[in-house]
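Residue strings, one per chain:
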Amino acid sequence: MSIPVIQAPMFLVSNPKMVTEACKAGIVGSFAALNQRNSEGLDAWLREIIEDLETWNITNPDLLAAPFGVNLIVHRTNSRLQEDLQAIIRHKVPIVITSLGAAENVVEAVHAYGGIVFHDVTNPRHAKKAAAAGVDGLILVCAGAGGHAGTLSPFAFLSEVREFYDKTILLAGCISDGRSVASARIMGADLAYIGSRFINVAESGASEIMKKLIIESNALDVVYTAEVSGVPGNFLRKSIIDAGLDPDNLQTKSKVEIGEMLTCEQDEKKAWKDIFSAGQGVGSVCDTPTTAELCARLKKEYDATVKAFLNEMVGDPR
Ligand SMILES: Cc1cc2nc3c(=O)[nH]c(=O)nc-3n(C[C@H](O)[C@H](O)[C@H](O)COP(=O)(O)O)c2cc1C
């Protein structure tokens, strides 16, 4: 990896092109399995990604691609779970990112072919449960993150989890630049997990309307509510208004069931498709570069921050 970053999976946003471009730039790329409409589609995407990265590695032996990951929703409403898991096993996906449930049998199945499992959590209680299920790393989804975010400060959450967990920790929530990636490392995280910043890349599956709104929005334009998807998450205020709802007075009836939301089969204006999820980090997103350009920028900022920090702490070795 060129820098300690995972491009986080995003429903309806991440796709094979984003994943392979990130991996070629030395950043772990990932996507949500449910971004494909069925398990055969997932199988095809996995084949496409693996072939692309294998070709890249043959022609660029000095610049090997970072590994990639797939997000699996481990929840009773995900009827595709077993079939998707079989595709993941067949293709030996290097990193599996589980959310909503940490399942020992998934961890065992992935370990059996040599893969690793990272699990995302929003509080220390769930972190302990996932650690007990044997996952290889915990993704701490902190306050202000895009998607189903938590409410804890990264300082509080990370320190508490480090007390009982010595494996890999990934920090998520509002990380949009290389300086923040370096900060996450200094705080004690092993990797930074970046979602919202990657909505605005040329290759992303987000609509032009969503990308424009991300550029126009700041942290205060993000609403934290459970009334859109049924699970507390962050959504762009204006997209809630444009969907005909009042962001300050959302009714429970606007909830959609998690299973429906994840298959996105409704044609009405519903969660994720027309009500855009994004984190408070959108305040610093003001353009739509290519994935390669964004990764190069993150690396430049990260390297400069680390260098400046080291110079300050230990003095310039020159
Ligand atoms: C539009 C959007 C869709 C998301 N979809 C998923 C998903 O399908 N599965 C998942 O585990 N996390 C999902 N997330 C959460 C991200 O993987 C990640 O945890 C989060 O974006 C990190 O916070 P940040 O957006 O502030 O960088 C989504 C986030 C966004 C913004």
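Residues numbered from 1 in each chain as written. Predicted model: local features only at pLDDT ≥ 70, side-chain atom pairs only at ≥ 80, totals over all residues. Heavy atoms only, no water.

### With respect to the overall build of the protein chain
Next up, step 1: When helices and strands are counted, the protein chain shows 11 helices and 10 strands.
Next up, step 2: The C-alpha radius of gyration of the protein chain comes to 19 Å, within 12% of the 20 Å expected for a compact globule of 318 residues.
Next up, step 3: Taking the principal axes of the C-alpha coordinates as reference, the protein chain spans close to 65 × 45 × 40 Å.
Next up, step 4: Relative to its full complement of 318 residues, the protein chain shows a buried share of 52%.
Next up, step 5: Within the protein chain, contacts between residues at least 6 apart in sequence are counted, and of these 64% link residues at least 24 apart.
Next up, step 6: Surface summary for the protein chain: the accessible area is close to 14,500 Å², and the carbon and sulfur share equals 53%.
Next up, step 7: In the protein chain, 30 positive and 39 negative side-chain charges are present, and the distance between their average locations comes to 2 Å. (Helix = DSSP H or I, 4+ residues; strand = E, 2+ residues; numbered from the N terminus. Rg over C-alpha atoms; globule rule 2.2 N^0.38 Å. Buried < 20%, exposed > 50% of the residue type's maximum accessible area, 1.4 Å probe, protein only. Contact = heavy atoms within 4.5 Å. Areas by Shrake-Rupley, 256 points an atom, 1.4 Å probe, with all protein chains shown as cover. Lys, Arg positive; Asp, Glu negative; His and termini not counted. Charge placed at Lys NZ, Arg CZ, Asp CG, Glu CD.)

### Observations concerning the packing of helix α2 (residues 39-59) against helix α3 (residues 81-90)
Next up, step 1: In the contact formed by α2 and α3, the axes pass within 9 Å of each other and the chain directions differ by 20 degrees. With respect to their mutual orientation, α2 and α3 come out roughly parallel. Here α2 and α3 pass one another in a crossing that is right-handed. Residue-level inspection shows S39, E40, L42, D43 and L46 of α2 in contact with α3, the latter providing E83, D84, A87, I88 and R90.
Next up, step 2: Within the contact of α2 with α3, the residues separate by chemical class into four nonpolar, one polar and five charged. (Axes fitted to C-alpha atoms, helices over the stretch in contact; angles between N-to-C directions. Parallel < 35°, antiparallel > 145°, perpendicular 65-115°, else oblique. Left-handed = near helix turned anticlockwise from the far one by under 90°. Nonpolar A, V, L, I, M, F, W, Y, C, P; charged D, E, K, R; others polar.)

### Brief notes about the site of the ligand
Next up, step 1: Taken together, 21 residues form the shell around the ligand, and within it P9, F11, N71, C174 and S196 come nearest.
Next up, step 2: In the model, an oxygen atom of the ligand is placed 3.0 Å from a nitrogen or oxygen of the S99 side chain.
Next up, step 3: S196 is positioned with one of its side-chain polar atoms (N or O) 2.6 Å from an oxygen atom of the ligand.
Next up, step 4: The fraction of the free accessible surface of the ligand (600 Å²) that becomes covered by protein chains is 95%.
Next up, step 5: Taken together, the residues of the shell around the ligand sort by class into 12 nonpolar, eight polar and one charged. (Near = heavy atom within 4 Å. Polar contact = N/O pair within 3.5 Å; in protein donor to acceptor, adjacent residues only side chain to side chain.)

### A word on the sheet that holds strand β3 (residues 68-73)
Pairing between the strands of a sheet comes from backbone hydrogen bonds, and it takes one of two forms, parallel or antiparallel.
Next up, step 1: With parallel pairing, the eight strands of this closed barrel are ordered in space as β1-β2-β3-β4-β5-β6-β7-β8. Direction aside, the axes of adjacent strands within the sheet are offset by 25 degrees on average.
Next up, step 2: Summarising the sheet, strand β4 (residues 95-99) and strand β5 (residues 116-121) pair through four bridges and their orientation is parallel. When the bridges of β5 are listed, I97 appears paired with F118.
Next up, step 3: Against the sheet, helix α6 (residues 154-162) makes contact with β5, β6 (137-141) and β7 (168-172), and its axis sits at roughly 155 degrees relative to β6, the strand it touches most. (Pairing = 2+ DSSP bridges.)

### Side note on the nonpolar core
Next up, step 1: In terms of nonpolar packing, the biggest core is built from 72 residues, with F68, V70, L140 and F198 touching the most fellow members.
Next up, step 2: Top contributing element to this core by residue count: α2, with six residues.
Next up, step 3: In contact with V70, other than residues within four places in its own chain, are F31, A33, L42, L46, I88, V93, I95, V96 and I97.
Next up, step 4: V28, F118, A172 and L191 belong to the second-largest nonpolar core, a separate cluster that totals 14 residues. (Core = buried A, V, L, I, M, F, W, Y, C linked by side-chain atoms within 4.5 Å.)

### Description of helix α1 (residues 16-24)
Next up, step 1: The buried fraction of α1 amounts to eight of the nine residues, a majority that puts the element mostly inside the structure.
Next up, step 2: Every buried residue of α1 is listed here: P16, M18, V19, T20, E21, A22, C23 and K24.
Next up, step 3: If you follow the buried residues of α1, they end up packed against β1 (5-7), β2 (28-32), α2, β3 and α11 (291-314).
Next up, step 4: A positive phi of about 90 degrees marks G26, the residue just after α1.

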